[in-house]
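An overview of the molecular structure
Given next are the chains, with one letter for each unit.
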Amino acid sequence: MPYKHGTYGEIGDSRVTDVTQGNVVAAYIGTAPINLVRGYAEKELVNMPVKLESMSDAQTKLGYAADWESFSLCEAFAEHFDNSLGNIGPIYVVNVLDPETHRNVDATTKALTFKNNRTEFESSDIILDTFAIADKAEGVDYSLTYNFAKGTVVVNLLKDMEEDSLECTYNTVDTAAVEMTDIIGEETEDGQYTGLHAMSLLYQYHNAILNILAAPGWSHIPEIYKAMTNTVRKLNGHWDGFVNADIPLEDAEGEKIDTIAKAMAWAEENGYDSEYSKIYWPMVKYGDRVYHLSTVGSATMLRTDLANDGVPYESPSNKAIMATAQYFGEDSASRGFDQSKANSLNEKGITTACFWTGRWALWGPHTAAYKYNGDMDARAIFDATLRMLVYITNSFQIDHGTEIDAPMTPQDRDTILNAEKQKLDTLCGIGALIGTPTVEFIETKNPVNNMMNGEFVWDICATTTPPFKSGTAHVCYTDDGFGAFFEGVE
């Protein structure tokens, strides 16, 4: 048994007869255009969790670009802070793009033509801090700003000059140089955290416990998916969370994954089956934008949780989303599929999107471990079930963490028992749990030797509220109504 010091929570095997948090933290990892942020090098914007509360906040802290393929985190900025259903946040992001490392070797030279002492040009890969005009000084001869709405660099001359054109130079980032290993990252002996390992810094720098993790544009890589699911298990040695990940539209060999059968086969072959995750396919369009469903799922999950005071007892499935069509790739001729075909994906634990009850909605309440008529722990059937168990274990650790190293008397044991029972009863009261949940301090789970070493265990059993996954009305014809013709007739 490993040495323990602190409060801990563990999810045990389900007890079933038959198997037929205040705060909600959504986090993303990927690439952001911090090259468009002045003084980025001094602001700790690489491999550090950054809290964002609005689009202007995102633009100021990490930049924004319409090129989501190059700057994957911008998709999350748009989904959360430019949403027709209502913006939702805050979110926490870890950017792995480092302009000092991921940059093109050769500088760019460009001729600038001015009109009324002003010019602008499009660029999202420019490193603004490297912009220079020969023999001119910024702040004296010219000013330099960035227009995020238009994606343009704006140069204003502060003095009248004889020339109508000037030559500038600048360096650019090379987003293609960001690799899978940058996203996975590592923790070094000297205390450096990179990639997914930087999620460990959420707690100590923001007092935030990771609930939802996504990596749009990256989570379709099996090695990254595995690293993500490992990240949300006992983060900081304590916290559990949940992953939203995507099945790609093309496999590693460039073969299209543009049918339901192909999507199901790819998920099975690549082991996308963690109960601590939901997997999504395909993507969705909204106007001229294309979103990964993992991004849409994360925002919808966050919105649903916050509508329930942070208690994750409701699935994001069948919630309205910002979409106008399913998307299978730029050159795909597919018209998509309806709810009945979406259900075949759900049978294999894949969440999708479909048009239902007059609006586009996420469709699929299961975890990635779910297989219809398959062999799985009951807790893995529904996403809300697993997330509720995580909510209870994380809550226990938060609420009793300050009591560690204080004396533990029998009265203190009962205080914790009563506090946990009260929380469970409250969850029953709001419909998050059903039945009569129990909290026990069992003698066989607390041998004297363990208590002598200051280790105590409380057993909690709870039944999460199942979702209304299907409803069927059985209607039959009867000829009894013909008796109405003879009512009142003598």
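See above for the structure.
Predicted, not measured: the structure shown is a model, and the values here were computed from it.

Together, Tyr477, Phe482, Phe485 and Phe486 make up an exposed nonpolar region whose accessible area comes to about 590 Å². Along the chain, Tyr477 falls in the segment after strand S19 (459-464).

Glancing now at the sheet that holds strand S15 (residues 325-327). On the basis of which strands lie adjacent, the open sheet formed by three strands has the order S14-S13-S15 and antiparallel pairing. Each edge of the open sheet carries a strand with a single partner, namely strand S14 (289-292) and S15. Each strand of the sheet is rotated relative to its neighbour by a mean of 40 degrees, with strand direction disregarded. Two strands pair when backbone bridges link them, and strand S13 (residues 283-286) and S15 are joined in this way by three bridges, in the antiparallel orientation. Within S15, the residue paired with Met283 across the bridge is Tyr327. Along the sheet, helix H7 (residues 293-307) makes contact with S13 and S14, crossing S14 at roughly 75 degrees.

On to the layout of surface pockets, then. When its volume is computed, the second largest pocket comes out at roughly 1,200 Å³. Residue lining of the second largest pocket: 39 residues in total, with Glu69, Gly217, His220, Met283 and His292 positioned closest to the centre. It is S14 that provides the largest number of residues to the lining of the second largest pocket, a total of three residues. Broken down by class, the residue content of the lining of the second largest pocket amounts to 19 nonpolar, nine polar and eleven charged.

Residues Phe77, Phe131 and Trp281 are the most contacted members of the largest nonpolar core, which totals 114 residues. Top contributing element to this core by residue count: helix H2 (residues 73-81), with six residues. In this structure, Met388, Tyr391, Ile416 and Leu433 belong to the second largest nonpolar core, which totals 13 residues.

Quick notes on the rules
- Residues numbered from 1 in each chain as written.
- Predicted model: local features only at pLDDT ≥ 70, side-chain atom pairs only at ≥ 80, totals over all residues.
- Heavy atoms only, no water.
- Patch = residues over 30% accessible without salt bridge, like charges linked within 9 Å, V, L, I, M, F, W, Y side chains within 5 Å.
- Areas by Shrake-Rupley, 256 points an atom, 1.4 Å probe, with all protein chains shown as cover.
- Salt bridge = Lys/Arg side-chain N within 4 Å of Asp/Glu carboxyl O.
- Helix = DSSP H or I, 4+ residues; strand = E, 2+ residues; numbered from the N terminus.
- Pairing = 2+ DSSP bridges.
- Axes fitted to C-alpha atoms, helices over the stretch in contact; angles between N-to-C directions.
- Contact = heavy atoms within 4.5 Å.
- 1 Å grid on protein atoms, 1.4 Å probe; cavity = no way out; pocket = protein on both sides within 12 Å on 5 of 7 lines; lining within 4 Å.
- Points joined across faces, edges and corners; volume = space filled by probe spheres on them.
- Nonpolar A, V, L, I, M, F, W, Y, C, P; charged D, E, K, R; others polar.
- Core = buried A, V, L, I, M, F, W, Y, C linked by side-chain atoms within 4.5 Å.
- Buried < 20%, exposed > 50% of the residue type's maximum accessible area, 1.4 Å probe, protein only.

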